[in-house]
Amino acid sequence: MEEMLTIGAFARACRLSPKALRLYDELGLLRPAHVDPETGYRRYAPAQLERARLVAWLRRIGMPLARIREVCMLDPGEAAAEIRAYWAGVEAETAVRRDLAAFLIDQLTTTSRKDTTMLELRHSARSDRGLVRPANQDTAYAGTRLLAVADGYGPGGGPASDAAVAALRRLETTDLPAGNVLNLLEEALRDAAHGMTEDAGTTLTALLWTGSRLALVHIGDSRAYLLRGGGLFRITHDHTVVQSLIDEGRLTPEEAAAHPQRALLLKALSATATEPADLRLQDAAAGDRYLLCSDGLSTVVPDARIRDALTTAPDPDAAVRSLIAAAREAGGPDNVSCVVADVVETAA
């Protein structure tokens, strides 16, 4: 019988940490050859080193754990083809991001028109009960400076989403230096949360126009998208259980879509919440089209359909109507709210 390696020795040999090996054991990706029934101590066979090194290499190129599991089950030729396909996808995504970076650099370094033009928002907002829910607990708002979508939950979900947006609306009449706007948004969220009951809460995704940039505030699973240069980019990160599992490589996006806990939030705005919202400044450029939506759209309408609606609609109102119609055509299982805004140039 070949001599077993301790988890420490095996980790050094395959260049994976003991912590990673324990995780891969839990996921069924790399089971130890022997586990002591009394101490739970793991030991590995030298023959397992080849698979462990393959896992390490695939993690190094960024492959998610769920896909690594699939590759490890293939014969060498099929595994090579799968790795080639994965890397082609990475290069395609990188190319899109490279083009966006070049576009941003061009926008930020072009100064010839700044003295003669300025930017403003053209917008539309709509909220729909959907085809299943008895009431609408969403709130959608679009004003001269504020775009916001909130999705309430619990017995007081409707008032909670209203309160969140109302707290931000008060900032529309405030002078907003870009350096201080994030602090003002954070204070507005605290004020809104203090007025909520303990049996309710809300998601919130909003953009506040400072005159040159957009301040983003986000908590929960409502979303913000940017259509720029023909590409659709999600600029928020869902605060959900399934998104955390995707981030850890435990689920693929396809698996997450059917997960029984896909609606379970890790963060939301409520009277008892302690987790902070995401806050950052977003550079704006003429020609940008923004979409804010509740999960009543994003969970039933695929990104390709969203991109098509945003690309083909002649104006924000047509885009909003098209997106809500798409959600209803998909069964309308939830309230659905959309805000679409175009960044346009006007004479100074």
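Refer to the preceding data block for the structure.
First things first, this report covers the structure right here in the doc. Predicted, not measured: the structure shown is a model, and the values here were computed from it.

### Regarding the pattern of salt bridges
Part 1 of the argument: On inspection of all chains with the given rule, the structure shows 14 salt bridges.
Part 2 of the argument: The salt bridge partner of Asp 25 is Arg 31, with a shortest N-O separation of 3.0 Å.
Part 3 of the argument: For Arg 67, the salt bridge is made with Glu 82, and the minimal N-O distance between the two is 2.8 Å. Taken together, the residues Arg 67 in helix H4 (residues 65-72) and Glu 82 in helix H5 (residues 76-109) connect sequence positions 15 residues apart.
Part 4 of the argument: Using a relative accessible area of 25% as the deciding quantity, one classes Arg 67 as partly exposed.
Part 5 of the argument: Judged by relative accessible area, which is 23%, Glu 82 ranks as partly exposed.
Part 6 of the argument: By sharing partners, the salt bridges in this structure join Asp 25, Arg 31 and Arg 42 into a single network.

### What to know about the packing of helix H6 (residues 157-169) against helix H7 (residues 181-194)
Part 1 of the argument: Where H6 meets H7, the axes come as close as 9 Å, and the angle between the chain directions of the two elements is 145°. Crossing hand, H6 versus H7: right-handed. Every residue of H7 that contacts H6 at Ala 163, Ala 164, Ala 167 and Leu 168 is listed here: Leu 185, Ala 188, Leu 189 and Ala 192.

### Some remarks on the pairing of strand S8 (residues 213-219)
Part 1 of the argument: Counted residue by residue, S8 has six buried out of seven residues, so it is predominantly covered.
Part 2 of the argument: Where strand S7 (residues 201-209) folds back on S8, the antiparallel hairpin that results is connected by three residues, among which Gly 211 adopts a positive phi of roughly 110°.
Part 3 of the argument: Across six bridges, S8 lies against strand S12 (residues 278-283) in antiparallel orientation. What sits directly across from Val 217, in S12, is Leu 279.

Parameters and conventions
- Residues numbered from 1 in each chain as written.
- Predicted model: local features only at pLDDT ≥ 70, side-chain atom pairs only at ≥ 80, totals over all residues.
- Heavy atoms only, no water.
- Salt bridge = Lys/Arg side-chain N within 4 Å of Asp/Glu carboxyl O.
- Helix = DSSP H or I, 4+ residues; strand = E, 2+ residues; numbered from the N terminus.
- Buried < 20%, exposed > 50% of the residue type's maximum accessible area, 1.4 Å probe, protein only.
- Axes fitted to C-alpha atoms, helices over the stretch in contact; angles between N-to-C directions.
- Left-handed = near helix turned anticlockwise from the far one by under 90°.
- Contact = heavy atoms within 4.5 Å.
- Pairing = 2+ DSSP bridges.

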